[in-house]
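Here is what each chain is made of, one letter per residue.
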Amino acid sequence: MINKSRAGLVLIILVAVFALSVVFFSKLIPRISASSKASAWVPPVTEKLDSPSEPAKIGLPVRLIIPKLEVDAKVEYVALAKDKTMDVPKNQANVAWYLLGNRPGEVGTAVISGHYGWRDDKPLVFAKLSKL
């Protein structure tokens, strides 16, 4: 069983990795203007490959399922908020994928965020994160 101080340390490390990823990617990838509706934009879906010798292209994430945490959440696509930080999922039951980064499954860092804790006596999507 993980004690509260260890869970807090894990959470701090995750937040630090997330923050460094956002800083790293914000310098490499052109920024979307604050006036654009970044969360409404969806990258084009890749075509299915004809040749079985070519590696499969990674599709867009649509769900995040983590059985150990009892997570089964829809994925929202987000970019930068007005203050130039990564936007958050609009629905607290969903998770957000940072669409300016890599897709989950690709080489490199893919960032998925979600709300942590409880609201109205109900667990938010990553309420059980300390179980990892």
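Since we're looking at a predicted model, the values are computed, not measured.

Caption draft 1: Region of the structure containing unusual backbone geometry. With a phi close to 60°, Glu70 is a non-glycine residue in the positive phi region. By the secondary structure assignment, Glu70 is in the loop between β1 (63-66) and β2 (71-78). Residue Glu70 is classed as exposed on the basis of its relative accessible area of 60%. Located in the positive-phi region is Asp121, a residue other than glycine, with phi close to 60°. Assignment of secondary structure puts Asp121 in the loop between β5 (118-119) and β6 (122-123).

Caption draft 2: Highlighting the pairing of β2. With 6 of 8 residues buried, β2 is to be regarded as a mostly interior element. Across 4 bridges, β1 lies against β2 in antiparallel orientation. Counterpart to Arg63 in the pairing with β2 is Lys74. A loop of 4 residues connects β1 with β2, the two strands running antiparallel in sequence, and Glu70 in this loop sits at a positive phi of about 60°. Bridging between β2 and strand β3 (residues 95-98) involves 4 bridges; their strand directions are parallel.

About the criteria used
- Residues numbered from 1 in each chain as written.
- Predicted model: local features only at pLDDT ≥ 70, side-chain atom pairs only at ≥ 80, totals over all residues.
- Heavy atoms only, no water.
- Helix = DSSP H or I, 4+ residues; strand = E, 2+ residues; numbered from the N terminus.
- Buried < 20%, exposed > 50% of the residue type's maximum accessible area, 1.4 Å probe, protein only.
- Pairing = 2+ DSSP bridges.

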